[in-house]
Structures are given as structure tokens and as C-alpha cells.
Amino acid sequence: MEGPTTLNYRKSFSKGNGVKPVESQGPPKLETPPPKFVEASSQEYNMLASEKLPNHESLDLFHRAVYPFMFLAQYFAVMPLLGIRASNPRRVRFAYKSLPMIVTLIFMAATSIMFLGMFLHLVKIGISAKNFVGLVFFGCVLSAYVIFIRLARHWPPLIRYWTKTEMVFTRPPYEITKRNLSRRVQLAALAIIGLSLGEHALYQVSAILSYKRRIQICGNITAGPTLDDYIQRNYDYVFQLLPYSSVVAVFILLLNGAFTFVWNYMDLFIMMVSKGLSYRFEQITNRIRKLEHEEVPESTFIQIREHYVRMCELLEFVDSAMSNLILLSCVNNLYFVCYQLLNVFNKLRWPINYIYFWYSLLYLIGRTAFVFLTAADINEESKRGLGILRRVSSRSWCVEVERLIFQMTTQTVALSGKKFYFLTRRLLFGMAGTIVTYELVLLQFDEPNRRKGLQPLCA
């Protein structure tokens, strides 16, 4: 049975090996600064974490891998932080009285207006399973803004603690693989950004071409296609609250793109964090693998176990900050996958509508699966060294090997959604089963609507 990762992280190290015992303590709380590094066996931490020594620009650190995408997100009012482009994470800070925070509040106000406009529109025309999707979309985006503000408040101490913890992995005996951390994070992030841009572009093309075809076919529409008319027809719910103007119309189009970015960035951010954590556990596994056929002193296993414990504590600290975002992302993905699958058997009017629908469906399923599998890699990598440790020869066997095996076996090292569930591969299959179950129920309820077919084009 799976349990949290905070149980008995540290036990006293063996006496007589020149290492001071480490007292048991949990991961750092969000409200307080991260704990100080222990002395003696953690001397490498104290040396590398000093502000003078490391040249952060030359190290393969998580902050350097993610800050370009966090800076990009600030253009869409996500993660209102100052100093995000600095190579030294000590310069990253959060302030309520800052330009990024003002921009975020403006975007939140705009999201609230569109959410309220959509709600009043649905109350007027009647709510159904299919037209409810817009309200869910704006609700998820508004919730994401609130969660990212909370995350930004805790990000400066978190990223400093993260950098101190991973400093030891940037030097021997740990190796930097050919596909280093920055490369892994950036390739995956660029892939998601590129696919999401394609999805949003197809949405706009589908909507514009459908609008033009309707104007051309319907004789009761005498006016020609214009940008103003297109926006008024597609975003009529907004203009129930605001007077129409060209400036507002253009702003709505820009907001629609920004909201789509935020909607995708939730998963993108979880994926980048997961890549950063799993990469360090992979380095620990590779170090253990190199010792498989060697006679290893107990001090080496003490050091490996301490580094493993440090990564588990870092994971717990990250999970405390991100669990709300993970919960929102999973609920969001579950709803939209079910919604898209509900429309699989619906007839669409134009070929471009089919192209956009199937691209959007496959992208959504692929993105959800990719994020889940990336997050599950943390759990997989944390246990990958178990087989090697169990084959340690009797000459190298010591109590530290036994303790490390116990920790890897009994603790669930994974991100979670408020501790309700842990992101492991088992959860992905459970989620797939849940989607199938709900989809069968929804298809039965939606049978009358599918029989009606397409609505009249010129009504």
C-alpha cells in the first residue's frame, strides 16, 4: 500500500565512521526557510552552496534549465517573479508591489469578466453537457492564476533550496549524461509549446473558415465577413457585460491566446519539475550501478544514502508547493478528455472541423499521458537501483545498504495531488479506466442530442 514520502527519512548514521549522526527531521515547510545543511558528512554541500564559489552559468542546474520558459510565461501573467533571468537563484524574489504582479491581476480581472459573461450566457440559453465546456475552461484558467501566485510566493526559497541540494550532483563522482538536464527539459518543453501552438492555430482557422462559409451560404446574412462581426458572433457572451469596441475586440483575441497558453502551461510546468527531479534520481542510480562489481566502503553507501534522503526531502518540499497545481491539472485533463471523447461520434459540418477535432483530441490525450509518464519517472528512477543493491557482495554489505533498500522499498517517492493520489504509472491506467467508465455513461445520456444531428446552418 502506497504511503507518503515523509516517513522516517533520516536515521542516525553508524558510529565510528567519522560521520556525525543526522537527527530525524521532515522536509522544510513552505512557511519557513529551508533547513540548514548538516555538517561533517555534508561538507560538500556547505562548500558548494556558498554564494561566492559556484559559477551558476556553467553548471547543469534546474534553475538554468527552466528559467527561459518561466520568463516566457510572465508575458502571459504566470509566475509573477522578479529576477527570474538571473543565473544565481538567490536573486529570484516575489513582491506584491511589482509590475509582474500588476499584469497578473489585470489578466485575472479579464478572466473573471469572461467567466461571468459565459455564466450569464449559459443561464440565459440553458446549460448542457456540451456548452458547459467554456465555463470550465475559464474556471480552470482563473484557478491556475491563483495557484501560480501562491506558487510564486514560495518559489524563491524553494529554488534556492533546490539549487543547494543539486550542487553535489554537478561534480564527480556523479556524471552528467549526454542528454543533460537542460537539454531534456528544453526539448520536452519546446515540443509541448509547438504542439499547443498548432492546436490553437487550427482552432482559429476552423472557426474563421466556418464563419466565412456560413456568410457565403446563408442568404439571410447580407453583410460580408468582417473582423468585428466575427468577434461579435463568437464572443457575444463578453459583450453582454462590456460595450463593443475594436480595442476590446482585439484584446479579447489576445486574451484567448493567453488563456490557451496558461491552460497548457499547467501541464508543461509539472513536466519540467518532474524532469528535474527524476534526472537527479537517475544520477544516483547510475552511481550505484557503477559500484556493482566493486568492493565498496561503508562511507560510500553513507554518502549515497544521504544524497538520496536529500532528494526525497526536496521532493517533499516541491510537492507541498505544487500539489494544488497537480490536482487542478489532473481534474482539468480528466474533464477535457471526457468532453472530447463525447464528441467523437458527432457529425461536423466542414472538413477543417474534423481536422481540428482529431488533432485536438490526440494532442490532449498525448499531452496528458506524457505528463503522467514524466511525473511517474520520479517514482521509477527512485527504485531502479534496488536490484543492484540487493546483489551487493557480502564483503561490501553493511547496515547502510540495508537502510537504503528499506527506504527505496517502503517509501512512495512521487509527486501527489494533495496526498489524495500519487503520480505513478499505476495511476495512469486507473485514470484510463475511469475515463472509459464515465464515457459510457455520458454517451448514454447524450444519445438524444446525437440523433438530432447538426443544427440548421442559417437559423
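Keep in mind that what you see is a predicted model, and the values were worked out from it rather than measured.

Peer 1: Can you help me understand the overall build of the protein chain in this one?
Peer 2: For the protein chain, the count of helices and strands is 13 helices and zero strands. Shown N-terminal to C-terminal, the secondary structure of the protein chain runs as helices and strands in the order α-α-α-α-α-α-α-α-α-α-α-α-α. Put simply, the protein chain has 459 residues, and 52% of those count as buried. Sequence-distant contacts, at least 24 apart, represent 78% of the contacts inside the protein chain between residues at least 6 apart.

Peer 1: Please explain the environment of Arg150 as it appears in this structure.
Peer 2: For Arg150, the position within the fold is in helix H4 (residues 133-166). Exposure remark for Arg150: the relative accessible area of 29% places this residue in the partly exposed category. C-alpha of Arg150 to C-alpha of Met322: the two residues are 172 residues apart in sequence and 9.4 Å apart in space.

Peer 1: Help me understand the confidence of the model for the protein chain, please; the structure alone is not making it clear to me.
Peer 2: Caution applies to low-pLDDT parts of the model: their predicted coordinates are not meant to be read in detail. The share of residues in the protein chain with pLDDT of 70 or more is 83%, and the mean pLDDT across the chain is 83. Confidence drops under a pLDDT of 50 for residues 1-28, and excluding neighbours within four residues, the segment shows 70 contacts in the predicted structure. Low pLDDT, under 50, characterises residues 30-53; the stretch is placed with 50 contacts to residues that sit more than four places away or in other chains.

Peer 1: Sorry if this is basic, but what is going on with the nonpolar core here?
Peer 2: Membership of the largest hydrophobic core comes to 121 residues, with the highest contact counts inside it found for Met79, Phe148, Trp155, Tyr265, Phe269, Met272 and Leu277. At 21 residues, the largest contribution of residues to this core is made by helix H7 (residues 246-290).

Peer 1: What's the story with the packing of helix H2 (residues 62-74) against H4 in this structure? I'm lost.
Peer 2: The relative placement of two packed helices comes down to the angle between their axes together with the axis-to-axis distance. For the pair H2 and H4, interaxial distance at closest approach is 10 Å and the crossing angle is 145°. Contacts between H2 and H4 involve Phe62, His63 and Met70 from the first element and Trp155, Ile159, Trp162 and Glu166 from the second.

Peer 1: I would appreciate a short explanation of the pattern of salt bridges in the present structure.
Peer 2: Opposite charge on two side chains makes pairing possible when the charged atoms of those side chains draw close. Per the stated rule, a full pass over the model turns up 14 salt bridges. Note that Glu306 is salt-bridged to Arg310, the shortest N-O span being 3.8 Å. Of this pair, Glu306 and Arg310 both sit in helix H8 (residues 298-342), four residues apart, which is roughly one turn of that helix. The class of Glu306 is buried, set by a relative accessible area of 4%.

Peer 1: Even after reading the chapter, I still don't get a nonpolar patch on the surface, so can you show me in this structure?
Peer 2: A contiguous nonpolar patch, built from Ile113, Leu116, Phe119, Leu120, Val123, Leu241 and Leu242 and spanning about 520 Å² of accessible area, is present on the exposed surface. The topology assignment puts Phe119 in helix H3 (residues 99-125). Residue classification places Phe119 among the partly exposed positions, given a relative accessible area of 38%.

Peer 1: Honestly, the side chain of Asn256 in this entry has me stumped. Any pointers?
Peer 2: As for its placement among the helices and strands, Asn256 is situated in helix H7. Of the polar contacts made by the side chain of Asn256, one reaches the side chain of Tyr235; its length is 3.2 Å. Leave out the neighbours within four places in its chain, and Asn256 touches His200, Tyr203, Gln204 and Tyr235.

Peer 1: What's the story with H2 in this structure? I'm lost.
Peer 2: Structural remark: α-helix, 3.6 residues per turn; residues separated by three or four positions point the same way. For H2, with 13 residues, the first-to-last C-alpha span of 18 Å sits near the 18 Å given by 1.5 Å per residue. Helix geometry: H2 is bent most strongly at Pro68, by close to 30°. Of the residues making up H2, those classed as buried are Phe62, His63, Ala65, Val66, Phe69, Met70, Ala73 and Gln74. The inward-facing, buried residues of H2 abut H4, helix H5 (181-217) and H7.

Peer 1: Where do I start with the packing of aromatic side chains in this structure?
Peer 2: What describes a pair of aromatic rings is the distance from one ring centre to the other and the angle between the planes of the rings. In the structure shown here, the tally under the stated rule is 26 aromatic pairs. An angle of 80° between the planes, with centres 4.9 Å apart, marks the rings of Phe94 and Tyr96 as edge-to-face. The rings of Phe137, Phe138, Tyr235, Tyr237, Phe259, Trp263, Tyr335, Phe336 and Tyr339 are connected pair by pair, giving a single aromatic cluster. If you follow Arg287 out to its NZ or CZ, it ends over the ring of Tyr174, 5.0 Å from the centre.

Peer 1: Help me out: how do you make sense of unusual backbone geometry in this one?
Peer 2: For residues besides glycine, phi is generally negative; the peptide bonds are generally trans as well. Here the residue pair Pro172 and Pro173 is connected by a cis peptide bond, since its omega of 10° sits within 30 degrees of zero. By the element assignment, Pro173 lies in the loop between H4 and H5. Residues other than glycine seldom take positive phi values, yet Met79 does so here, at roughly 55°. Residue position: Met79 is located in the loop between H2 and H3. Residue Lys419 is not a glycine yet carries a positive backbone phi of 65°. Mapped onto the elements of the fold, Lys419 is located in the loop between helix H11 (399-410) and helix H12 (425-445). Judged by its relative accessible area of 35%, Lys419 falls in the partly exposed class.

Peer 1: Please explain the environment of Leu423 as it appears in this structure.
Peer 2: Inspection of the secondary structure assignment puts Leu423 in the loop between H11 and H12. Spatially, the C-alpha atom of Leu423 lies 9.9 Å from that of Thr412, the residues being eleven residues apart in sequence.

Peer 1: Please explain the packing of H3 against H7 as it appears in this structure.
Peer 2: Two elements in contact, H3 and H7, have axes separated by 11 Å at closest approach and are oriented at 100°. Relative to H7, the element H3 lies roughly perpendicular. Contact residues: Phe107, Ala110, Thr111 and Met114 in H3; Phe251, Ile252, Leu255, Ala258 and Phe259 in H7.

Peer 1: Is there a simple way to think about H7 in this case?
Peer 2: Its 45 residues give H7 an end-to-end C-alpha distance of 65 Å, which sits within 8% of 66 Å, the value for a rise of 1.5 Å per residue. At Tyr265, H7 is bent by approximately 35°, the largest bend along its length. The buried count for H7 comes to 34 of 45 residues, which makes it a mostly enclosed element.

Reading guide: rules and limits
Residues numbered from 1 in each chain as written. Predicted model: local features only at pLDDT ≥ 70, side-chain atom pairs only at ≥ 80, totals over all residues. Heavy atoms only, no water. Helix = DSSP H or I, 4+ residues; strand = E, 2+ residues; numbered from the N terminus. Buried < 20%, exposed > 50% of the residue type's maximum accessible area, 1.4 Å probe, protein only. Contact = heavy atoms within 4.5 Å. pLDDT = per-residue confidence, 0-100. Core = buried A, V, L, I, M, F, W, Y, C linked by side-chain atoms within 4.5 Å. Axes fitted to C-alpha atoms, helices over the stretch in contact; angles between N-to-C directions. Salt bridge = Lys/Arg side-chain N within 4 Å of Asp/Glu carboxyl O. Patch = residues over 30% accessible without salt bridge, like charges linked within 9 Å, V, L, I, M, F, W, Y side chains within 5 Å. Areas by Shrake-Rupley, 256 points an atom, 1.4 Å probe, with all protein chains shown as cover. Polar contact = N/O pair within 3.5 Å; in protein donor to acceptor, adjacent residues only side chain to side chain. Expected span 1.5 Å × (residues − 1). Bend = angle between axes of the 7 residues up to and from the residue. Phe/Tyr/Trp six-rings, centres within 6.5 Å; stacked < 30°, edge-to-face > 60°. Lys NZ or Arg CZ within 6 Å of the ring centre and 35° of its normal. Parallel < 35°, antiparallel > 145°, perpendicular 65-115°, else oblique.

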